[in-house]
Protein chains: 2
Amino acid sequence: MKLSDSIENFIKTLLAEDSPEVELKRSELAEYFGCAPSQINYVLATRFSPDQGYITESRRGGGGYIRIVRVVQTGSQRLMYLINERIGESISEMESARLIQQLMEQQVVTVREAELMRAAISAQAMSVPVPDAIKNAFRARMMKTMLLTIARQNRGQGGGANV
Amino acid sequence: MKLSDSIENFIKTLLAEDSPEVELKRSELAEYFGCAPSQINYVLATRFSPDQGYITESRRGGGGYIRIVRVVQTGSQRLMYLINERIGESISEMESARLIQQLMEQQVVTVREAELMRAAISAQAMSVPVPDAIKNAFRARMMKTMLLTIARQNRGQGGGANV
DNA sequence: CTGGATATGGTCAAAGATAGTCAGAAGACC
DNA sequence: GGTCTTCTGACTATCTTTGACCATATCCAG
């Protein structure tokens, strides 16, 4: 089997047994698989992206780590639809706002949370001199990451949202 | 491997038990943790700065000491300070995360709101090929816009958080 | 008093420890 | 052979730890 697949499986096994999240050291994992450390980043980018329902965080320096959080269980159609189809690689402010409005109406997010999301992707927040195309790419990624975060929170508390 | 975290926890435990303030000796603490005394300054600078809601005082010479005090501030004061003075034109992910963490600890925002903001300014959300300097400019504007939204919400309803 | 000795804490730059990025090499698959 | 995926290595960015040198109190001998 290919290296990337092995690493992917290894991490997914950890995620299955332990909890919905694992923390590991890039350098150790790379050594374990006898590959370049950057290989790990490749695996994270291609197998554990938001599009696939994962959130990753990391820290450099002494005591650094990589944390991977699984958010969707295979089958959360609605969330994946939003993330992959509705949002995709690029989304405008208007379109984002409509989506956020819907989430609020469906009580997936509170009014305050909706306002916060709107603020984050607003033109005002993004009034930095870069092309609109780039801004829309930013919006898309931000929306996806925020959605996954909400979904992650909902899980576990049974807190009234059906993403 | 994470000496700084240990020292941070140690001090926070003291702060939790005793009072909103502790006094300690830099040299003793350093000896206790078997590290260089200047390590303590690093911890103070990165974990007990005004950003995190602490102020520190100290005195040199015989009978010298370091005192750490947890600051109490209303939510709106804090928000205004962050928006008008602290954030500025550019801010890193880690700095932002610390500010958000503090707002959560002071219950100015809920856990979900904090996670949402963290998600919005995370490296993953901003993994678009533009220079870091631009990303940090984005972060600053996004943070200010989001915090302003929170401030507005608080003013309107006085609800949910510590205004 | 006064000035040096002693006792602390502060600063900063450099070294150490991790992780990230990206261009191009190497493979795999039509 | 062409193209897409995988893999690597050199370079970069970020976080931590230390050590040499600096600053400021307190104490004490004279």
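What you see is a predicted model; the values in this text were computed from it and never measured.

Draft legend 1. Fine view of the layout of surface pockets. Residues and elements named next belong to chain B. Of the volumes computed, that of the second largest pocket is approximately 200 Å³. Lys25, Arg26, Ser27, Pro37, Asn41, Ser58, Arg59, Arg60, Gly64, Tyr65 and Ile66 together form the lining of the second largest pocket. Of the residues that constitute the lining of the second largest pocket, the class distribution is three nonpolar, four polar and four charged.

Draft legend 2. Geometry of the protein's contact with DNA strand D. The environment of DNA strand D is formed by 28 residues, the closest being Ser4(A), Tyr42(A), Arg59(A), Tyr42(B) and Arg59(B). Each atom of DNA strand D within 4 Å of the protein was assigned to sugar, phosphate or base; sugar and phosphate come to 64%. At 2.5 Å, a side-chain N or O of Ser4(B) approaches a phosphate oxygen of DNA strand D. The contact in question runs from a phosphate oxygen of DNA strand D to an N or O atom on the side chain of Arg47(B), over 3.3 Å.

Draft legend 3. How the structure looks around the pairing of strand β2 (residues 54-59) of chain B. Residues and elements named next belong to chain B. Of the strand pairs in this sheet, β2 and strand β3 (residues 65-70) are connected by six bridges, and their pairing is antiparallel. The partner of Ile55 across the bridge, within β3, is Val69. Between β2 and β3, which pair antiparallel and follow one another directly, the connecting turn spans five residues, one of which, Gly61, has a positive phi of 75°.

Draft legend 4. How the structure looks around the domain arrangement of chain A. All names here are of chain A. Per the domain assignment, the segments making up chain A are domain 1 (3-70) and domain 2 (75-156). Domain 1 puts 11 residues into the contact, and the matching count from domain 2 is nine residues. Interface area lost by domain 1 to domain 2 is led by Pro50, Asp51 and Ile55, which between them contribute 64%. Our count for the domain 1 to domain 2 interface comes out at two salt bridges. Its salt-bridge partner being Asp51, residue Lys144 comes within 2.9 Å of it at the nearest N-O pair. Mapped onto the side of domain 1 that touches domain 2, the elements with two or more residues apiece are β2 (54-59) and β3 (65-70). Element by element, the count of residues in the side of domain 1 that touches domain 2 is highest for β2, at three residues. In terms of residue class, the side of domain 1 that touches domain 2 is made up of five nonpolar, two polar and four charged.

Thresholds, definitions, all that
Residues numbered from 1 in each chain as written. Chains lettered and ligands numbered in written order. Predicted model: local features only at pLDDT ≥ 70, side-chain atom pairs only at ≥ 80, totals over all residues. Heavy atoms only, no water. 1 Å grid on protein atoms, 1.4 Å probe; cavity = no way out; pocket = protein on both sides within 12 Å on 5 of 7 lines; lining within 4 Å. Points joined across faces, edges and corners; volume = space filled by probe spheres on them. Nonpolar A, V, L, I, M, F, W, Y, C, P; charged D, E, K, R; others polar. Near = heavy atom within 4 Å. Polar contact = N/O pair within 3.5 Å; in protein donor to acceptor, adjacent residues only side chain to side chain. Pairing = 2+ DSSP bridges. Helix = DSSP H or I, 4+ residues; strand = E, 2+ residues; numbered from the N terminus. Domains from an automatic or database assignment. Contact = heavy atoms within 4.5 Å. Buried area = accessible area lost by both parts, 1.4 Å probe. Salt bridge = Lys/Arg side-chain N within 4 Å of Asp/Glu carboxyl O.

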